[in-house]
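Fold and geometry: a report
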Amino acid sequence: MGGVGVGDVRRNNATLICAPVMGESIEETIDQIEKAREEGADLVEIRLDYLKKGFDVERDLEGLIRKSSLPTLITFRPTWEGGRYAGDENKRLSTLRRAIDLGANYVDVELKVADEFLKSIDGNKPEKVKVIVSSHNYEKTPSAEELGDLVVRIQATGADIVKIATTALDITDSARILQVLAHCQVPIIGIAMGEKGLMTRVLSAKFGGFLTFGAIQAGVVSAPGQPTVKDLLELYNFRQIGPDTKVHGVIGNPIGHSKSPHLYNAAFKSVGFNGIYLPLLVDNVANFLKTFSSPDFVGYSYTIPHKVAGLECCDEVDPIAKAIGAISCMVKRPSDGKLIGYNVDYLGAIAAIEEGLRDNFAGMNGFNPTSGSPLAGKLFVVIGAGGAGKALAFGGNAKGARVVVANRTLEKAKELASKVGGEALSLEALLDFHPEDGMILVNTTSIGMKPAIDQTPVPKAALKRYSLVFDAIYTPKLTRLLREAEELGAAIVYGTEMFINQAFVQFEKFTGLPAPKEFIREVLARNT
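Here is a short report on the structure shown in this document. In this text the structure is predicted, and so the values were computed from the model without any measurement. (Residues numbered from 1 in each chain as written. Predicted model: local features only at pLDDT ≥ 70, side-chain atom pairs only at ≥ 80, totals over all residues. Heavy atoms only, no water.)

Time to look at the side chain of Thr 444. Turning to its location among the elements, Thr 444 is positioned in the loop between strand E20 (439-443) and strand E21 (466-471). Among residues more than four places away in sequence, those in contact with Thr 444 are Val 382, Ile 383, Gly 384, Ala 388, Gly 389, Leu 392 and Ala 472. (Helix = DSSP H or I, 4+ residues; strand = E, 2+ residues; numbered from the N terminus. Contact = heavy atoms within 4.5 Å.)

Attention now goes to the pattern of salt bridges. Tallied over the entire structure, the rule returns 32 salt bridges. Across the pair Asp 42 and Arg 239 runs a salt bridge whose closest N-O atoms are separated by 3.1 Å. Placement of the pair is Asp 42 in the loop between helix H1 (26-39) and strand E4 (43-47) and Arg 239 in the loop between helix H8 (229-235) and strand E11 (246-252), with a sequence separation of 197 residues. Owing to a relative accessible area of 8%, Arg 239 belongs among the buried residues under this scheme. Three or more residues are tied together by salt bridges with common partners; here these are Arg 77, Glu 89, Arg 92, Asp 108 and Glu 110. (Salt bridge = Lys/Arg side-chain N within 4 Å of Asp/Glu carboxyl O. Buried < 20%, exposed > 50% of the residue type's maximum accessible area, 1.4 Å probe, protein only.)

Further remarks concern the packing of helix H13 (residues 344-361) against helix H14 (residues 387-398). Direction vectors running N to C along H13 and H14 enclose 55°, while the axes themselves pass 9 Å from each other. By the angle class used here, H13 and H14 are oblique. When you trace H13 past H14, the crossing you get is right-handed. Contacts between H13 and H14 pair Tyr 346, Ala 349, Ile 350 and Ile 353 from the former with Ala 391, Leu 392, Gly 395 and Gly 396 from the latter. (Axes fitted to C-alpha atoms, helices over the stretch in contact; angles between N-to-C directions. Parallel < 35°, antiparallel > 145°, perpendicular 65-115°, else oblique. Left-handed = near helix turned anticlockwise from the far one by under 90°.)

Attention now moves to the sheet that holds strand E13 (residues 297-302). Taken together, six strands build an open sheet; the order of strands is E12-E11-E13-E15-E16-E14 and the sheet is mixed. The sheet is open, and its two edges are formed by strand E12 (275-281) and strand E14 (316-317), each paired on a single side. Where helix H9 (residues 260-270) meets the sheet, its contacts fall on E11, E12 and E13, and the angle it forms with E12 comes to roughly 170°. (Pairing = 2+ DSSP bridges.)

A few words on the sheet that holds strand E8 (residues 161-167). The eight strands are arranged E9-E8-E7-E6-E5-E4-E3-E10 in an open sheet whose pairing can be described as parallel. If you trace the sheet from one side to the other, it starts and ends with strand E9 (188-193) and strand E10 (211-213), each paired once. Between one strand and the next, the sheet's axes are offset by a mean angle of 25°, whatever the strand orientation. In terms of strand pairing, E4 meets strand E5 (residues 72-75) through four bridges, oriented parallel. Paired with Val 44 across the bridge in E5 is Thr 72. This element, helix H6 (residues 173-183), spans E8 and E9 of the sheet and lies at about 175° to E9.

For the rest of this paragraph, the subject is the pairing of E9. Remark: a regular strand shows side chains that alternate across the two faces of the sheet. Of all six residues that make up E9, six are buried, and the element is covered over most of its length. Side-chain alternation along E9 places Ile 188, Gly 190 and Ala 192 on one buried face and Ile 189, Ile 191 and Met 193 on a second face that is also buried. Sheet analysis places E8 next to E9, joined by six bridges and oriented parallel. When the bridges of E9 are listed, Thr 166 appears paired with Ala 192.

A separate point is the nonpolar core. One finds Leu 48, Val 133, Met 199, Leu 278, Leu 280, Phe 288 and Tyr 300 to be the most contacted residues of the largest nonpolar core, which totals 86 residues. Looking at this core element by element, the count peaks at six residues for helix H4 (residues 111-121). Once residues within four sequence positions are removed from consideration, Tyr 300 is found in contact with Gly 249, Ile 251, Leu 280, Phe 288, Leu 289, Phe 292, Ser 328, Cys 329, Met 330, Gln 506 and Phe 510. (Core = buried A, V, L, I, M, F, W, Y, C linked by side-chain atoms within 4.5 Å.)

Its 13 residues place the ends of helix H5 (residues 144-156) 19 Å apart at the C-alpha level, agreeing with the 18 Å of an ideal helix rising 1.5 Å per residue. When H5 is considered as a whole, its buried residues turn out to be Leu 147, Leu 150, Val 151 and Ile 154. All buried residues of H5 fall inside an arc of 100° around its axis, so they share one side. Exposed side of H5, more than 90 degrees from the buried face: Glu 145, Val 152, Arg 153 and Ala 156 are the residues found there. On its buried face, H5 sits against H4, strand E7 (130-136), E8, H6 and E9. After H5 finishes, the residue Gly 158 shows a positive phi value of roughly 95°. (Expected span 1.5 Å × (residues − 1). Arc of directions from axis to C-beta.)

A full pass over the atoms with the stated rule returns twelve aromatic pairs. Pairing Tyr 264 with Phe 268 gives two aromatic rings, centres 6.4 Å apart and planes at 50°, and the pair type is tilted. One end of the pair, Tyr 264, and the other, Phe 268, are both in helix H9, four residues apart, so they sit about a helical turn from each other. On the accessibility criterion, Phe 268 (0% relative accessible area) is buried. (Phe/Tyr/Trp six-rings, centres within 6.5 Å; stacked < 30°, edge-to-face > 60°.)

Next up on the list: the pairing of strand E17 (residues 379-383). Extensive coverage of E17 is indicated by the burial of five of its five residues. The alternating pattern of E17 places Leu 379, Val 381 and Ile 383 on one face and Phe 380 and Val 382 on the opposite face, and all of these are buried. What joins E17 to strand E18 (residues 402-407) is H14, and the crossover it makes is right-handed. Bridging between E17 and E20 involves four bridges; their strand directions are parallel. Within the sheet, the bridge partner assigned to Phe 380 lies in E20 and is Ile 440. (Right-handed = clockwise from strand over helix to strand, strands pointing away.)

Let's shift gears to the environment of Ser 174. On the secondary structure map, Ser 174 appears in helix H6. In sequence terms Ser 174 and Arg 153 are 21 residues apart; their C-alpha atoms lie 21 Å from each other. In contact with Ser 174, other than residues within four places in its own chain, are Ala 192, Lys 196, Gly 197, Met 199, Thr 200 and Phe 292.

Of the volumes computed, that of the largest pocket is approximately 1,500 Å³. Those elements that place two or more of their residues in the lining of the largest pocket are H9, E13, H13, H14, helix H17 (495-511) and helix H18 (517-527). The residue makeup of the lining of the largest pocket, split by class, is 22 nonpolar, 17 polar and seven charged. Computed from the structure, the second largest pocket encloses a volume of approximately 370 Å³. Looking at the second largest pocket, it is lined by 16 residues, and the ones nearest its centre are Leu 198, Asp 231, Tyr 236, Gly 256 and Pro 279. Broken down by secondary-structure element, the contributors of at least two residues to the lining of the second largest pocket are H8, H9 and E12. Of the residues assigned to the lining of the second largest pocket, the class counts are eight nonpolar, six polar and two charged. (1 Å grid on protein atoms, 1.4 Å probe; cavity = no way out; pocket = protein on both sides within 12 Å on 5 of 7 lines; lining within 4 Å. Points joined across faces, edges and corners; volume = space filled by probe spheres on them. Nonpolar A, V, L, I, M, F, W, Y, C, P; charged D, E, K, R; others polar.)

Any functional reading would require information that these geometric values do not contain.
As structure tokens, this is what we get:
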């Protein structure tokens, strides 16, 4: 699809960004309109129901419309449709008619009164003024059939533009809204409100929505789940989304804290890859995957608590991910649509440790960085037998290392060690464990993590036998374990390197392109 030129920006979609303006005075409203223009909005929705007493239709409305530096959508929402206006209904509708006379670009009128309103103007409106007829459901998202009927009812009023806003109780509710956007033959605004409906606000650009709403500042929203104009433009690259854009995301619960969208959207844009990456607040993984089975929904990162459920939904699983019992990345294979699962946590950590060995020991004691993995034959001591310990133990074993598992509970250490043909120790036994020099130590426990930064899983004296120490913790970056290992002359590898390396791996699995490594490092440095 060719870009739509607007100003100096090339767009891959015609979906507008509308910033709601909720000033309580005329001055505040005009000030917010200017802010919306500076942020990059295409139009503003002036919410007359937010204006306090003292607003005079004859005196103030014309000034607002004429002084606006952006096209205007006038909304005067009554309390019975989720707004703030509780006054006389005739006066409210009369104000909306006056907005049409004064040349507002759009006027929003609720479905309940749309027939009466449109009859009252009786075709007596300028061609350039468009009437949006809206329906808001603050309780749920109706069935696909009910939504279809609702579109027909709104169209029958003579609306120029249909608007349907529902509430997403589950992320799968969003699919029904996107379906309505894709199949509607008239201009339509379709939104599922709330965090579980965020994708409808961003993907409206892919599915042909007339506009989406973006807040002027974070937290000041006219409806739940509204992103900011800035996030739409800069985080989600809204102007570049088109009908062929491939959808990716991070599946978790909670998910609002995730930095992954900042990383992958920027990286996709940097190499010109036509993809979007969203935070996906998912309750049930199987339902999500079944609902969003379209070929354009192609790749996911998995985080807590869905790594095991993700594995259970795969058609094929990488053998090490299967052995670990959890995935952290899923890709839809283009040739047959099969879902393939990987555990990139271990790939990221192992790659970071191998890099540390190559960087620090190349050319020493016959070390040859080109002959296979530098881990081959090394004694590889893993502290912890949980999810991360499992990932590192299997990963080390796959690279030819001799694995030792140390854990507070010896039984758990034995269980994991038996799966990788390794040895098991209690954490206490690690103090006197030094069968050879040049060992590698890997901490996968939370000992030493913020706020308990003065703790360490291994006393300093026990570290002198290790040539390299890795800590999976990345808050703080330099843990006590790493600091003391460095003081004794060991090479150290930060937990952040594991995160960065797994990002490289995921990027390549999502795009089929080489990861822009320096760029990804810069983005992570800015966002952590």
